[in-house]
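Structural characterization, general
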Amino acid sequence: MGSIGQSHASTGLITAREAGLVACRRCGQVHALGTQNCTRCHGALQSRDAQSLQKVWAWLIAGIVLFIPANIYPMLLTNTLIERSDSTIIGGVVELIHYKSYGIALIVFVASIMIPIGKFIAIAYLAISVQQQSILNMHQRHKLYDFVEFIGRWSMIDVFVVAILSALVQLNTIASINPGIAALSFALSVIFTMFSAQSFDPRLIWDADRKNR
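Counting starts from 1 at the beginning of each chain's written sequence and moves along it residue by residue. A pLDDT threshold of at least 70 governs which residues receive local features in this predicted model, and a stricter bar of 80 or more applies before side-chain atom pairs are shown or counted, although totals over entire chains, interfaces and linings include all residues. Heavy atoms throughout the structure, all of them, feed into the side-chain values; hydrogens and water do not.

With that settled, the discussion passes to the confidence of the model for the protein chain. Here pLDDT means the predictor's own confidence in every residue, given as a number from 0 to 100. Within the protein chain, residue pLDDT values average 76, and 71% of them lie at 70 or more. Here a strand is any run of E in DSSP of at least two residues, a helix any run of H or I of at least four, and the numbering for each starts at the N terminus. Element-level mean pLDDT values for the protein chain span from 43 in helix α1 (residues 2-11) up to 92 in helix α2 (residues 52-72). Confidence drops under a pLDDT of 50 for residues 1-11, and excluding neighbours within four residues, the segment shows 8 contacts in the predicted structure. Whether two residues are in contact is decided by their heavy atoms, any of which lying within 4.5 Å being enough.

To continue, consider α2. Multiplying 1.5 Å by the helix residue count minus one yields the expected span of that helix. Its 21 residues give α2 an end-to-end C-alpha distance of 31 Å, which sits within 8% of 30 Å, the value for a rise of 1.5 Å per residue. Exposure categories follow from relative accessible area, calculated using a 1.4 Å probe and restricted to protein chains: below 20% of the type maximum is buried, above 50% is exposed, and the middle band is partly exposed. Listed as buried for α2 are Ser52, Leu53, Val56, Leu60, Gly63, Leu66, Phe67, Pro69 and Ala70.

Stacked, tilted and edge-to-face pairs are distinguished by plane angle, under 30 degrees for stacked and over 60 for edge-to-face with tilted covering the rest, among Phe, Tyr and Trp rings (Trp via its six-membered ring) whose centres lie within 6.5 Å. This model, assessed by the stated rule, comprises 4 aromatic pairs. The rings of Trp59, Phe192 and Phe195 are connected pair by pair, giving a single aromatic cluster.

Looking at where Ala182 falls in the secondary structure, it is placed in helix α7 (residues 181-199). Taking C-alpha positions, Ala182 is 8.7 Å from Ile89, a pair spaced 93 residues apart along the chain. If sequence neighbours within four positions are ignored, Ala182 has contacts with Pro69, Ala70, Tyr73, Pro74 and Met75.

The next subject is the nonpolar core. Proteins that are soluble and globular tend to have nonpolar side chains buried together. We define the nonpolar core as a collection of buried residues of types Ala, Val, Leu, Ile, Met, Phe, Trp, Tyr and Cys that are connected through side-chain atoms lying within 4.5 Å of one another. One finds Leu53, Met75, Ile123, Val130, Phe186 and Phe200 to be the most contacted residues of the largest nonpolar core, which totals 25 residues. For this core, the secondary structure elements donating two or more residues are α2, α4 (102-129), α5 (138-151), α7 and α8 (203-212). Top element by residues in this core is α4. It accounts for 7 residues. In this view, Ile123 contacts Val56, Leu60, Val148, Thr193, Ser196 and Ala197; residues no more than four positions away in its chain are not counted.

When we look at burial in helix α3 (residues 89-98), the residues that qualify are Ile89, Gly92 and Val93. The buried residues of α3 all sit within an arc of 100° when viewed along its axis, so they share a single face. The N-cap residue of α3 is Thr88: its side-chain oxygen and the backbone nitrogen of Gly91 are 3.0 Å apart. Working note: the arc is built from the helix axis to C-beta atom directions. Counting of polar contacts relies on pairs of N or O atoms within 3.5 Å, with two restrictions inside protein: one atom must be capable of donating a hydrogen and the other of accepting it, and residues adjacent in sequence are counted only when both atoms are side-chain atoms.

Under this scheme, a helix contributes an axis fitted over its contacting stretch, all axes are lines through C-alpha atoms, and angles between N-to-C directions fall in the 0 to 180 degree range. Where α4 contacts α7, the two axes come as close as 11 Å, and the packing angle between them is 30°. Between α4 and α7, the angle is such that the two are roughly parallel. As for how α4 packs across α7, the hand of that crossing is left-handed. Residues Ser112, Pro116, Lys119, Phe120 and Ile123 of α4 form the contact with α7, whose own contacting residues are Phe186, Ser189, Thr193, Met194, Ser196 and Ala197. Gly is placed with the polar residues, together with every amino acid not listed as nonpolar (Ala, Val, Leu, Ile, Met, Phe, Trp, Tyr, Cys and Pro) or charged (Asp, Glu, Lys and Arg). Here the residues of the contact of α4 with α7 sort into 6 nonpolar, 4 polar and 1 charged. Throughout, the term roughly parallel applies to angles under 35 degrees, roughly antiparallel to angles over 145, roughly perpendicular to angles from 65 to 115, and oblique to all others. Crossing handedness is defined as follows: a turn of the near helix away from the far one that is anticlockwise and smaller than a right angle gives a left-handed crossing, while the clockwise case is right-handed.

Along the chain, Thr193 turns up in helix α7. Judged by its relative accessible area of 4%, Thr193 falls in the buried class. Separated by 2.6 Å, the side chain of Thr193 and the backbone oxygen of Ser189 make a polar contact. Sequence-distant contacts of Thr193, that is, excluding residues within four places in its chain, are made with Gly63, Lys119, Phe120 and Ile123.

This is the structure in structure tokens:
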């Protein structure tokens, strides 16, 4: 009790676990610590997700593995009467720059390359920071977690573009545009990365901050 009191005095905050409470992650109903099921929605109650980090790393590694073929194989397959061409994500960016569409090239590069890589690094750092000493304090880590959640929605821009082009440009034997294997790999990579971010239990940040103190 003395150590908890000192922790409260140093931070001015108290966690639900320290107060002997646990909240339902479905409906938000608060119960006494040790309650097995929510009295409102009957969902299982957990003060912390004990397997959170294992799930984070599993989904993250799967996302990184699929991100490799997403950048190696063609994202878009174009067929016309005279030629057949394909383009990767980087190839598409270079082609846009060649046609002086700098703004669109920048958007595709940021959304398809920078954001996924940044999200990989951010999630990995969050997972490591709750296991080991971190230079970021609790508030900074929560801000990083919120940032990861925010940018995730912008990672599918390439898939949306491919889907729209495939639906619009279908002129039988004259011209057609179809998604390449990279489109599926990229979509799965983004989805797995989203699962990784959602698997992270942000309450672990509070525990890591307490240990650091």
